[in-house]
Amino acid sequence: MNPVVTKLMFVAIAIGVLLTLSPLRETGWARNSSESTIQQVRRNWEDIPPRERSRALENYRRFQKLAPERQRDIEERYHRWRELPSEEQDRIRENYRRYRGMNSDEKEEFHHKYRRWRSHPRD
């Protein structure tokens, strides 16, 4: 596998984790008490299927239990993600989808190649 693809797949995995740990940040639910924001969140929340709502709430609760420095790290990564061009986000999502579709042998090979790639000095 191409080292660039390997790196992108790893980044996609990391982004996937970020997105599942702070899904409600985008809606403004966390730390924002303005009435219009609350109404918007309520509308958005009601549009989400119950299964996804449950997952989002579980992820948000896990996020809230993290140490503050870990929360800040995740928020910073999430903001960097949001600043990426949509084409780059799409490419990362596609790589993440491909990773999720791998069987355990393929994932093990991916991790092996990633570790080898990370151990090489950068120019």
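Model, not experiment: these values are computed from the prediction.

A.B. asks: Explanation requested: the overall build of the protein chain in the structure shown.
C.D. replies: Within the protein chain, the regular secondary structure consists of 6 helices and 0 strands. When the helices and strands of the protein chain are placed in sequence order, the string is α-α-α-α-α-α. Every one of the 123 residues in the protein chain was classed for burial, and the buried ones make up 28%. Contacts spanning at least 24 positions in sequence make up 64% of the contacts within the protein chain whose residues lie at least 6 apart.

A.B. asks: Where do I start with helix H6 (residues 104-119) in this structure?
C.D. replies: In a regular helix each residue adds 1.5 Å, so 16 residues correspond to 22 Å; H6 covers 23 Å between its end C-alpha atoms and thus fits that length. Buried within H6 we find Phe110, Lys113 and Tyr114. Looking straight down H6, one finds its buried side chains confined to an arc of 105 degrees; they lie on one side. In H6, those exposed residues whose orientation departs by more than 90 degrees from the buried face are Ser104, Asp105 and Ser119. The N-capping residue of H6, defined by a side-chain oxygen 3.0 Å from the backbone nitrogen of aspartate 105, is asparagine 103.

A.B. asks: Whenever I open this one, the packing of helix H3 (residues 50-65) against helix H4 (residues 68-83) confuses me. Can you help?
C.D. replies: It is at 8 Å that the axes of H3 and H4 come closest, and there the two elements cross at 125 degrees. Classified by the angle their axes make, H3 and H4 are oblique. Residues Phe63, Gln64 and Lys65 of H3 form the contact with H4, whose own contacting residues are Gln71, Ile74 and Glu75. Class assignment of the residues belonging to the contact of H3 with H4 gives a composition of 2 nonpolar, 2 polar and 2 charged.

A.B. asks: How do you make sense of the packing of aromatic side chains when you look at a structure like this?
C.D. replies: For any pair of aromatic rings, the description consists of the separation of the ring centres together with the inter-plane angle of the planes. According to the stated counting rule, one finds 2 aromatic pairs in the structure shown. Pairing tyrosine 114 with tryptophan 117 gives two aromatic rings, centres 5.6 Å apart and planes at 35 degrees, and the pair type is tilted. In this pair, tyrosine 114 and tryptophan 117 are both assigned in helix H6, 3 residues apart and thus about one turn of the helix distant.

A.B. asks: Explain the pattern of salt bridges here, please?
C.D. replies: Proximity of charged atoms lets side chains of opposite charge pair with each other. Taken as a whole and judged by the stated rule, the model has 7 salt bridges. Here aspartate 90 makes a salt bridge to arginine 93, at a shortest N to O gap of 3.2 Å. Remark: arginine 93 and aspartate 90 occur in helix H5 (residues 86-100); sequence separation between them is 3 residues, near one turn of the helix. We classify aspartate 90 as partly exposed; its relative accessible area is 46%. A relative accessible area of 39% places arginine 93 in the partly exposed class. Linking glutamate 108 and arginine 115 is a salt bridge whose minimum nitrogen-to-oxygen distance equals 3.6 Å. For glutamate 108, a relative accessible area of 48% translates into the label partly exposed. One salt-bridge network, in which partners are shared between bridges, spans Arg70, Asp73 and Arg77.

A.B. asks: Teacher, can you tell me more about the confidence of the model for the protein chain here?
C.D. replies: Low pLDDT means the predicted coordinates in that region are not meant to be read closely. On average, the protein chain scores 77 in pLDDT, and the residues at 70 or more come to 64%. Ignoring residues within four places in sequence, the model shows residues 21-33, a span with pLDDT below 50, making 37 contacts including any to other chains.

A.B. asks: Explanation requested: the side chain of asparagine 95 in the structure shown.
C.D. replies: Mapping asparagine 95 onto the fold places it in helix H5. Here the side chain of asparagine 95 touches arginine 98 through a polar contact of 3.0 Å, side chain to side chain.

Here is what the cut-offs are and how they apply
- All residue numbers refer to position in the chain's written sequence, counted from 1.
- Predicted model: local features are reported for residues with pLDDT of at least 70 only, side-chain atom pairs are reported and counted for 80 or more only, and whole-chain, interface and lining totals are derived from all residues.
- The basis for the side-chain values is all heavy atoms of the structure; hydrogens and waters are excluded.
- Helix and strand assignments come from DSSP, with helices taken as H or I runs of at least 4 residues and strands as E runs of at least 2, each series counted from the N terminus.
- Categorising residues by exposure relies on relative accessible area from a 1.4 Å probe, with only protein chains included: less than 20% of the type maximum marks a residue as buried, more than 50% marks it as exposed, and the intermediate range marks it as partly exposed.
- Throughout, a residue-residue contact means that at least one pair of heavy atoms, one from each residue, lies within 4.5 Å.
- Under the convention used throughout, the expected extent of a helix is 1.5 Å for every residue step, that is, one less than its residue count.
- Taking the helix axis as origin, the arc is that swept by the directions to the C-beta atoms.
- Pairs of N or O atoms are called polar contacts if they sit within 3.5 Å, as long as, within protein, a hydrogen donor faces a hydrogen acceptor (for residues adjacent in sequence, only side-chain-to-side-chain pairs).
- Each axis is a line fitted through C-alpha atoms, taken for helices only over the stretch in contact, and angles between the N-to-C directions span 0 to 180 degrees.
- Roughly parallel means an angle under 35 degrees; roughly antiparallel means over 145; roughly perpendicular covers 65 to 115; every other angle is labelled oblique.
- When residue character is reported, Ala, Val, Leu, Ile, Met, Phe, Trp, Tyr, Cys and Pro are called nonpolar, Asp, Glu, Lys and Arg charged, and the others, Gly included, polar.
- Each Phe, Tyr or Trp ring (for Trp, its six-membered ring) is paired with any other whose centre lies within 6.5 Å, and the angle between the two planes then decides the class: stacked below 30 degrees, edge-to-face above 60, tilted in between.
- By convention in these notes, a salt bridge is any Lys or Arg side-chain nitrogen within 4 Å of a carboxyl oxygen on Asp or Glu.
- For every residue, the predictor assigns a confidence score, pLDDT, that lies between 0 and 100.

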